[in-house]
There are 2 protein chains.
Amino acid sequence: MASPPRQMSIGMNILGLGGHGAAWRLAEVPSNSLLGVEYFQNIARISERGTLDAIFLADGPALNGNVATNPVGGLEPTVLLTAVALATKYIGVIATASTTYNDPYNLARRIASLDHISGGRAAWNVVTTAGDIAAQNFGLTGAPLHQDRYGRAAEFLDIAIKLWDSWEDDAVINDWKNGVFADAKKVHTIDHAGEHFSVRGPLNVRRTPQGRPVLVQAGSSEGGKSVGSRYADAIFTTQTTLEDGQAFYAEMRNRARAWGRDPDSLKIMPGLSTVIGSTEAEAHARCDELDSYQGELGLAGQIAARIGIAVSDLDLDAPLPWDRIIDVRAAQRDANTRALGGGSHGFFEAQINLARRENLTVRQLSKRIRSGHRLAVGTPEQIADTLEEWFKSGAADGFNIMPDMFPSGAEIFVDEVVPLLRRRGIFRTEYTGTTLRHHLGLSRPKSQYEDEEDCERLLAV
Amino acid sequence: MASPPRQMSIGMNILGLGGHGAAWRLAEVPSNSLLGVEYFQNIARISERGTLDAIFLADGPALNGNVATNPVGGLEPTVLLTAVALATKYIGVIATASTTYNDPYNLARRIASLDHISGGRAAWNVVTTAGDIAAQNFGLTGAPLHQDRYGRAAEFLDIAIKLWDSWEDDAVINDWKNGVFADAKKVHTIDHAGEHFSVRGPLNVRRTPQGRPVLVQAGSSEGGKSVGSRYADAIFTTQTTLEDGQAFYAEMRNRARAWGRDPDSLKIMPGLSTVIGSTEAEAHARCDELDSYQGELGLAGQIAARIGIAVSDLDLDAPLPWDRIIDVRAAQRDANTRALGGGSHGFFEAQINLARRENLTVRQLSKRIRSGHRLAVGTPEQIADTLEEWFKSGAADGFNIMPDMFPSGAEIFVDEVVPLLRRRGIFRTEYTGTTLRHHLGLSRPKSQYEDEEDCERLLAV
């Protein structure tokens, strides 16, 4: 019997009121939606109707952006996604949290709690948080050096995994007749002592349904790729051309192999911003309408923010100011500097590489990239085509979709694009399991302390 | 017209499977209940049926206790209480979190998120977390010095309040037609620079339904009383005799006055452990059955743990070993020492004061105090009598109830004791508002930055 065809994974990125910076201007939903849970529960239910793998929430511990003109700020993701998990049954929930501005014990516990409450649907999107404003909320004058952030992140992940493993799966006995709760030999201190942290353990939450909650990582710098290929189950990445996507895909699989991992255990999921219409003309009209709300300054501003230069240094109808960008890039390449003011390496590289290669003006670039990711404007068939192409040509295992507006952009994707993918045999028609690991095709890891005990037993023979 | 009679407040303390250490042995609920949300949602719904003010979750960032014989560990409270809030409509949710092992920005945001999600029902129970095991999960070898913990707590609270105030109530305009989101002049950086923290702000969550989530404080040491009387809306305390309760009540109101506060804005709520039966004999039989499961070692152990000495140093039928206790107390009185191994000042004083005053053996003491709080074993009338007595004689504004077992102990309290309190006119018959502040009879505070602006405007005239 033939093995079932490879299936893609799809995440829905709930970025405020939409991936387009002017989505809130169209006011599809009441003005206080972002502070309630119903808005997010609704998008999650729509996504679950489309048998998507997960919903995703970006986050940072700071009020970034212009509060006068943008709906900034939002509920803390682990709290918000608890509410979403309770309103759904199958879909995964991916919470972003920073390794730079959290402690491993508290965060590992919160993610574990979410995994228990959701019945095995929790993931943590690991970020190191660039930008000085966040740093200034935590006693620093500026963000820690890039290499220090990633050094801390690697150690943080090591600890989180140890804590999640600290209760073996069968540690709890719960024999109330005899007053026995757990087998103390199967609940382990982790006694971690490293460069950035010392953590005793064990975690004060027993092992979770997924064994370990899913780890997602989104950094594309050397540090990000190193940490992601070593620890992550899924990589969210920004890739603007198929060739770049293929190169990144191959590189990350090779890196995973170098860490001794099966490369199939690392799922590569580029982002895709979508504006979908029944016809190409309708899609472009929708995009143009949103762009008109954002205005020229807004279009330039979203480019400027992600490459770390002032919007006043950009001319919409000229190429990027390469002399200034070379300065930023040189500084960023040096791992010992703080990378960009609030930006990320991946967004930076994606934008400038595309602009340089195709010699784009700022305005042309703004029509190719939105929310830092490749923008696809077109019919459901055209969206399905580009997903299938990337999926089948070694550039992606799945995608993180950023619709232009919510909820309409999510509804169009689920109701118009997903059926095409299903018909083409590359996306599930129903959920076949209840955990995010299952949806992603990942196995459930054993506790590392279980292995340790096995070794001890073998040595004792 | 006569003003309505003063009403008491009641919180339900969901301490694991019950306030009695052997509650889990009777297995009223499935063995995995503590990891699910239904168990907590069910107790919250029972409590809401009784128009109680709030449910309460104690917590610490460590696995404390003997995992072999006690069901230890649990879900993180802000996450868990999000699930509880969504299953209820009126009842408040009080999450315990440590000022010693959190950062103000992250925690203020999480509590604010819970306040938004619950529609104004969130409270934070502020603790400084004694004990070395927690410390060792955060890079320390032992708990910070007592006075340092409370110094940090005071500054932490100051910052949390500033962050909650950082968006004025009318900061958000949301005029999407004109692309205006907020009035930037009403969103304030806090620019806090203190001994323990530097925090820029503003918070990345707008102002919450309660203005500021309710602050609960439970420390009874000098540091605890100082911080609590200054910042808290409600004080949870352990008081074992009416006289002690009255003295503490008067002291805390005087302290509040000294901080320039209206003493009525500080609600004093002693804990009460309950074992309730239709007759006195039935109540005592229920308590004896639970005690038999705990055994003599268990009875001694719960005393030992709270006074910081080894269980092997206790003889059940002898008085407390005063020579050793004097050592512990002397060390504790010195504000520069770490107080007790894992215990709290309040529990320590409550137990030894009662034992000394009434010359109790360890066994006798164990029948007077459970889970560190005064134990009442009796009929619903007897329970109502002691609540009324304390409430009417200047010892309490309300109570934090710790039933012996869940859910039965909560059901008996709600169905048998609450109706008596209502008939006596000292407890509400229905909710008259939807926020916890309203239930507690507390006003909604203005943002401190609003006042600041008023001053500036006045000065500008």
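Up top you'll find the structure we're talking about.
From a predicted model like this one, the values you see are computed outputs, not experimental measurements.

Participant: Provide a residue-level description of the overall build of chain A, including the pertinent values.
Facilitator: Along the backbone of chain A there are 16 helices and 14 strands. Over its C-alpha atoms chain A spans a radius of gyration of 22 Å, differing by no more than 12% from the 23 Å that the globule rule assigns to 461 residues. Projected onto its principal axes, the C-alpha positions of chain A cover 75 × 50 × 45 Å. Out of the 461 residues in chain A, the part that is buried amounts to 62%. Look at the contacts in chain A between residues 6 or more apart in sequence, and 77% of them connect residues 24 or more apart. Carbon together with sulfur atoms contributes 50% to the accessible area of chain A, which is approximately 17,000 Å² in total. Positive and negative charge centroids in chain A, built from 47 and 57 side chains respectively, lie 3 Å apart.

Participant: I'd like a rundown of the pattern of salt bridges, residues and numbers included.
Facilitator: Scanning all chains against the criterion turns up 58 salt bridges over all chains. B:D165 is the salt-bridge partner of B:R207, the closest N and O atoms lying 2.9 Å from each other. Residue B:R207 is located in the loop between β8 (198-199) and β9 (214-217), and its partner B:D165 is located in helix α6 (residues 146-165); the two are separated by 42 residues in the primary sequence. Counted as one network, the salt bridges with shared partners bring together A:D165, A:D169, A:R207, A:R212 and A:R444.

Participant: Now, about helix α9 (residues 280-307) of chain B: what can you tell me, with residues and values included?
Facilitator: Taking 1.5 Å of rise per residue, 28 residues should cover 40 Å, yet α9(B) covers just 30 Å from first to last C-alpha, more than 12% shy of that figure. Approximately 95° is the largest bend angle found in α9(B), and it occurs at B:G295.

Participant: Can you tell me about the packing of helix α13 (residues 380-392) of chain B against helix α14 (residues 408-423) of chain B, naming the residues and giving the values?
Facilitator: The description of two helices packed together rests on the angle between their axes and the distance between the axes. Residues and elements named next belong to chain B. Contact geometry for α13 and α14: axes closest at 9 Å, N-to-C directions at 50°. Classified by the angle between their axes, α13 and α14 sit oblique to one another. α13 and α14 meet at a crossing whose hand is right-handed. The segment α13 lies against α14, with P380, E381, I383, A384 and L387 engaging F413, E416, V417, L420 and L421. Considered class by class, the residues forming the contact of α13 with α14 number eight nonpolar, no polar and two charged.

Participant: Go over the pairing of strand β4 (residues 122-127) of chain B, please, and point to the residues and values.
Facilitator: All names here are of chain B. The buried fraction of β4 is high, at six of six residues. Of the two faces of β4, the one carrying A122, W124 and V126 and the one carrying A123, N125 and V127 are both buried. Across six bridges, strand β3 (residues 92-98) lies against β4 in parallel orientation. Bridging from a neighbouring strand, V93 pairs with A122 of β4. With helix α4 (residues 104-117) bridging β3 and its parallel neighbour β4, the resulting β-α-β unit is right-handed. Inspection of the sheet shows β4 paired to β9 by four bridges, in the parallel sense. Paired with N125 across the two strands is V216, which belongs to β9.

Participant: Give a description of the nonpolar core that names residues and reports values.
Facilitator: The biggest cluster of nonpolar side chains holds 98 residues, and the ones touching the most others in it are A:W124, A:W164 and B:L387. Among the elements that take part in this core, helix α6 (residues 146-165) of chain A stands out by supplying nine residues, more than any other. Filtering out sequence-adjacent residues up to four positions away, B:L387 remains in contact with B:M8, B:L272, B:F399, B:I401, B:F413, B:V417 and B:L421. A:I383, A:W390, B:F156 and B:A160 belong to the second largest nonpolar core, which has 94 residues in total.

Participant: Describe in detail the relation of the copies chain B and chain A, supporting the description with residues and values.
Facilitator: For the pair chain B and chain A, the superposition axis carries a translation of 0.0 Å, the fit reaches an RMSD of 0.0 Å, and the rotation angle comes to 180°. Expressed as a symmetry operation, the mapping of one chain copy onto the other fits a two-fold axis. Considering only C-alpha atoms, the residue of chain B closest to the rotation axis is B:V79, which sits at 2.6 Å. The share of interface residues of chain B whose copies in chain A are also at the interface is 100%, consistent with both copies meeting through the same surface.

Participant: Describe the interface of chain B and chain A, listing the residues and the values that go with them.
Facilitator: The figure often quoted for interface size is the accessible area lost as the parts come together. Listed by partner, the interface residues are 66 residues for chain B and 66 residues for chain A. Considering only the side of chain B, the residues that lose the most area to chain A are B:L35, B:V79 and B:W176, jointly responsible for 11% of the buried surface there. Linking chain B to chain A there are two salt bridges. Residues A:R109 and B:D59 are paired through a salt bridge, measuring 2.7 Å at the closest nitrogen-oxygen approach.

Participant: I'd like a description of the packing of α6(B) against helix α7 (residues 222-231) of chain B, backed by residues and values.
Facilitator: Residues and elements named next belong to chain B. Orientation of α6 relative to α7, taken along the N-to-C sense of each, is 10°, at an axis distance of 9 Å. With respect to their mutual orientation, α6 and α7 come out roughly parallel. Residues H146, Y150, A154, L157, D158 and I161 of α6 form the contact with α7, whose participating residues are G223, G224, V227 and Y231. Residue classes in the contact of α6 with α7 are distributed as six nonpolar, three polar and one charged.

Participant: Would you mind going over the packing of aromatic side chains in detail, with residue names and values included?
Facilitator: Summed over the entire model, instances satisfying the criterion amount to 17 aromatic pairs over all chains. Ring geometry for A:Y39 against A:F40: centres 5.0 Å apart, planes inclined by 90°, an arrangement best described as edge-to-face. The buried category is assigned to A:Y39, whose relative accessible area is 6%. With a centroid separation of 5.7 Å and an interplanar angle of 90°, the aromatic rings of B:F156 and B:F197 are classed as edge-to-face. Of this pair, B:F156 sits in helix α6 while B:F197 sits in the loop between β7 (192-193) and β8; the two residues are 41 residues apart in sequence, bridging distant segments of the chain. Of the aromatic side chains, those joined through ring pairs into one cluster are A:W124, A:F156, A:W164 and A:F197. Against the face of A:W322 rests A:R356, its NZ or CZ located 4.4 Å from the ring centre.

Participant: Quick one: what's the story with α14(B), residue by residue and with numbers?
Facilitator: Residues and elements named next belong to chain B. Between its terminal C-alpha atoms α14 stretches 22 Å, which fits the 22 Å expected from 16 residues at 1.5 Å a residue. At V417, α14 is deflected by roughly 35°, the largest bend along its length, and proline P419 occurs up to four residues later in sequence. For α14, every residue scored as buried is listed here: S408, G409, A410, F413, V414, V417, V418, L420 and L421.

Participant: An account of the environment of A:E450 is requested, with residue identities and associated values reported.
Facilitator: Residues and elements named next belong to chain A. On the secondary structure map, E450 appears in helix α16 (residues 448-460). Along the primary structure E450 and G19 are separated by 431 residues, whereas in three dimensions their C-alpha atoms are 43 Å apart. Apart from the residues lying within four places of it in its own chain, the contact partners of E450 are E168 and D169.

Participant: So, unusual backbone geometry: which residues are in play, and what are the values?
Facilitator: Residue and element names in this part refer to chain A. That bond from G201 to P202 is cis: its omega, -5°, falls within 30 degrees of zero. In this fold, P202 is placed in the loop between β8 (198-199) and β9 (214-217). That bond from F406 to P407 is cis: its omega, -5°, falls within 30 degrees of zero. Mapping P407 onto the fold places it in the loop between β14 (398-403) and α14 (408-423). With a phi angle near 50°, S371 is a residue other than glycine that sits in the positive phi range.

Participant: Tell me about the side chain of B:H188, and please be specific about residues and values.
Facilitator: All names here are of chain B. For H188, the location among the structural elements is in the loop between β6 (180-182) and β7. The exposure class of H188 is buried, given its relative accessible area of 12%. At 2.7 Å, the side chain of H188 forms a polar contact with the side chain of E168.

The rules we used
- Residues numbered from 1 in each chain as written.
- Chains lettered and ligands numbered in written order.
- Predicted model: local features only at pLDDT ≥ 70, side-chain atom pairs only at ≥ 80, totals over all residues.
- Heavy atoms only, no water.
- Helix = DSSP H or I, 4+ residues; strand = E, 2+ residues; numbered from the N terminus.
- Rg over C-alpha atoms; globule rule 2.2 N^0.38 Å.
- Buried < 20%, exposed > 50% of the residue type's maximum accessible area, 1.4 Å probe, protein only.
- Contact = heavy atoms within 4.5 Å.
- Areas by Shrake-Rupley, 256 points an atom, 1.4 Å probe, with all protein chains shown as cover.
- Lys, Arg positive; Asp, Glu negative; His and termini not counted.
- Charge placed at Lys NZ, Arg CZ, Asp CG, Glu CD.
- Salt bridge = Lys/Arg side-chain N within 4 Å of Asp/Glu carboxyl O.
- Expected span 1.5 Å × (residues − 1).
- Bend = angle between axes of the 7 residues up to and from the residue.
- Axes fitted to C-alpha atoms, helices over the stretch in contact; angles between N-to-C directions.
- Parallel < 35°, antiparallel > 145°, perpendicular 65-115°, else oblique.
- Left-handed = near helix turned anticlockwise from the far one by under 90°.
- Nonpolar A, V, L, I, M, F, W, Y, C, P; charged D, E, K, R; others polar.
- Pairing = 2+ DSSP bridges.
- Right-handed = clockwise from strand over helix to strand, strands pointing away.
- Core = buried A, V, L, I, M, F, W, Y, C linked by side-chain atoms within 4.5 Å.
- Least-squares fit on C-alpha atoms with pLDDT ≥ 70 in both.
- Buried area = accessible area lost by both parts, 1.4 Å probe.
- Phe/Tyr/Trp six-rings, centres within 6.5 Å; stacked < 30°, edge-to-face > 60°.
- Lys NZ or Arg CZ within 6 Å of the ring centre and 35° of its normal.
- Polar contact = N/O pair within 3.5 Å; in protein donor to acceptor, adjacent residues only side chain to side chain.

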